[in-house]
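Commentary on secondary and tertiary structure
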Amino acid sequence: MKLQKIKEIRTLIIRLALVAGIAFVGYWVYQLFFKGESTDEIVLEETPLKVEQIRSILELNTLKFQDEAVVDSVEYYKTESDVIWGTFDKLTDPNQFKHGLHPSSVKRRLTLIVRGELLYGVDLKRKDFQFIPKGDTLTIIIPQPELLSVSVNPKGTEVYLENGEWKDYERAHLQRKARNKMIASGDRLKLPERAKAPLEKVLRALVKTDKTLVIKFEK
Amino acid sequence: MRNWLFLSLITLLLVSCGDEKEVHETEIYQIRAIGTLSTTEYTLGKIIHWDDEGEWYKFGDRKILLSCKATVKAGVNLSTIKESDIEVKGRKIIIQLPPPEIVSFEMDPDLVRTEMTDVNGFRSDFSQVDKSKVLQKGEESIRKDLKKLNILDEAEQNAKIFIIDFYKNLGFEQVIVHETPKDKRNTNVDH
């Protein structure tokens, strides 16, 4: 009689474990293969937009440049045992499970694809414009065209790969790196130099004089 | 009016150098060479607030508060002025101003801060992928709220002052600038 009861309890435990196992596997299958990555499910609470500063500006935007940069940060395990323990940790974390299935020496990796826009031109509010009339010539010395804005925004930033845990400042550091890469490619393409020609054209349109107009850029 | 220092200098020059004479047709359309002129800049702050209650099979919820700043510049693209937008009657000129638009939108990543997170139950902490998605929604929300601000009206008014000065410098006595009706504006805020 007692043996019969033990058998029944054992069967019940096995069945319960089986049901829990099926539920667990089902949850993981759903999480890994069926759950769509969508931002539509995010509904933000209404919060006010605070205007902190209003400025009147006068900027001539003579050149616009759109660029894309891939930035990456990787950290490796130092020893073989670190690889084993690290992989075990990832397997037990639902967010890192995928990365644990293929053990590698990569401890953490964050890859971003960043799209941005650079605007070159001149700020007419600057006071270093010089007008030098001499005889039949009017010489205008103007500042070099500069980078007026670099738009690197969340909508243009895609977290392509996140393996391991990453802090906000580390992500911001990568975004800064992407921004600098874009500025560097703008410099490589000599965009500040190219922004000069339309600027010169604009000034010739703005300044009406009978004298010969000479436009020079500050050195 | 310090903003208009450059234009004032040009005006001074024109008064001293220019003679009273007919304005050439090419000079009237030179304004298109300016391209995009940014005239107003707003610095904005917003708290992005998301309560993630999760789905039925997820036990527990998550909350996050992020603070961010955005710098928005607005102006007009003068290169879109068509010949039909300008009407000259002697020393009087009538211009149809292009609609004001958002010229640049910057959300500095260094000024984005996670102010608070609260995760309970069996929920996982916010990853950078999660935060990135929340920030994208935050950016969308700021761009939508821009429509409620006066940024485009101010940009239009400042551009109007610039255009009036520009044509007065060319020798016109009366400059009439017509604005684009608000319902015909392409606010360019959803990009």
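It should be emphasised that the depicted structure is a prediction, and the values quoted were computed from it without experimental measurement.

**Description of the overall build of chain B**
Within chain B, the regular secondary structure consists of four helices and seven strands. Helices and strands in chain B line up, N terminus first, as α-α-β-β-β-β-β-β-α-α-β. Within chain B, buried positions represent 51% of all 191 residues. Look at the contacts in chain B between residues 6 or more apart in sequence, and 82% of them connect residues 24 or more apart. Carbon together with sulfur atoms contributes 49% to the accessible area of chain B, which is approximately 9100 Å² in total.

**So, the sheet that holds strand S6 (residues 212-217) of chain A**
Residue and element names in this part refer to chain A. Reading across from one edge, S3-S4-S6 is the order of the three strands in this open sheet, with mixed pairing throughout. Among the strands making up the open sheet, the edge pair consists of strand S3 (130-134) and S6. Adjacent strand axes in the sheet meet at a mean angle of 20° when their direction is disregarded. Looking at chain direction, strand S4 (residues 137-142) and S6 are connected through six bridges and run parallel. If you follow Leu 138 over to S6, its bridge partner there is Leu 213. Relative to S6, helix H6 (residues 196-206) is tilted by about 145°, and along the sheet it contacts S4 and S6.

**A look at helix H4 (residues 151-169) of chain B**
Residues and elements named next belong to chain B. Taking 1.5 Å per residue, 19 residues should reach 27 Å; H4 reaches 27 Å between its end C-alpha atoms and fits that length. What H4 keeps buried is the set Ile 151, Leu 152, Ala 155, Glu 156, Asn 158, Ala 159, Lys 160, Phe 162, Ile 163, Phe 166, Tyr 167 and Asn 169. Downstream of H4 by a residue or two, Gly 171 has a phi angle that is positive, lying close to 115°.

**Describing empty space enclosed by the protein**
For the coordinates displayed, the defined rule picks out one cavity of 30 Å³ or more. Taken as a whole, the largest cavity spans an internal volume of roughly 100 Å³. Around the largest cavity, the lining residues are A:Val152, A:Asn153, A:Pro154, A:Thr157, A:Arg171, A:Gln175, B:Met107, B:Pro109, B:Val112, B:Ser132 and B:Leu135. When contributions to the lining of the largest cavity are tallied by element, the ones reaching two or more residues are strand S5 (146-163) and helix H4 (168-188) of chain A together with helix H3 (128-145) of chain B.

**Describing the pattern of salt bridges**
Considering all chains together, one arrives at 25 salt bridges over all chains under this definition. In this structure, A:Asp72 and A:Arg109 form a salt bridge, with 2.8 Å as the shortest nitrogen-oxygen distance. Of this pair, A:Asp72 sits in strand S1 (residues 49-76) while A:Arg109 is found in strand S2 (residues 106-123), placing the two residues 37 residues apart along the sequence. Residue A:Asp72 is classed as partly exposed on the basis of its relative accessible area, which comes to 26%. B:Arg143 serves as the salt-bridge partner of B:Glu139, at 3.0 Å between the closest nitrogen and oxygen. On the criterion of helical spacing, the pair formed by B:Glu139 and B:Arg143 is a turn pair, its members being four residues apart in helix H3. Of the two residues examined, B:Glu139 and B:Arg143, each falls in the buried class. Taken together, the salt bridges that share partners define one network made up of A:Glu75, A:Lys107, A:Arg108 and A:Glu170.

**Remarks on the pairing of S4(A)**
All names here are of chain A. Counting buried positions along S4 gives five out of six residues, so the element sits mostly inside the fold. Across five bridges, the pairing between S3 and S4 is antiparallel. Looking at the pairing, Ile 132 lines up with Thr 139 of S4. Here S3 folds back onto S4, and the loop between the two strands holds two residues, one of which, Gly 135, carries a positive phi near 60°.

About the criteria used
- Residues numbered from 1 in each chain as written.
- Chains lettered and ligands numbered in written order.
- Predicted model: local features only at pLDDT ≥ 70, side-chain atom pairs only at ≥ 80, totals over all residues.
- Heavy atoms only, no water.
- Helix = DSSP H or I, 4+ residues; strand = E, 2+ residues; numbered from the N terminus.
- Buried < 20%, exposed > 50% of the residue type's maximum accessible area, 1.4 Å probe, protein only.
- Contact = heavy atoms within 4.5 Å.
- Areas by Shrake-Rupley, 256 points an atom, 1.4 Å probe, with all protein chains shown as cover.
- Pairing = 2+ DSSP bridges.
- Axes fitted to C-alpha atoms, helices over the stretch in contact; angles between N-to-C directions.
- Expected span 1.5 Å × (residues − 1).
- 1 Å grid on protein atoms, 1.4 Å probe; cavity = no way out; pocket = protein on both sides within 12 Å on 5 of 7 lines; lining within 4 Å.
- Points joined across faces, edges and corners; volume = space filled by probe spheres on them.
- Salt bridge = Lys/Arg side-chain N within 4 Å of Asp/Glu carboxyl O.

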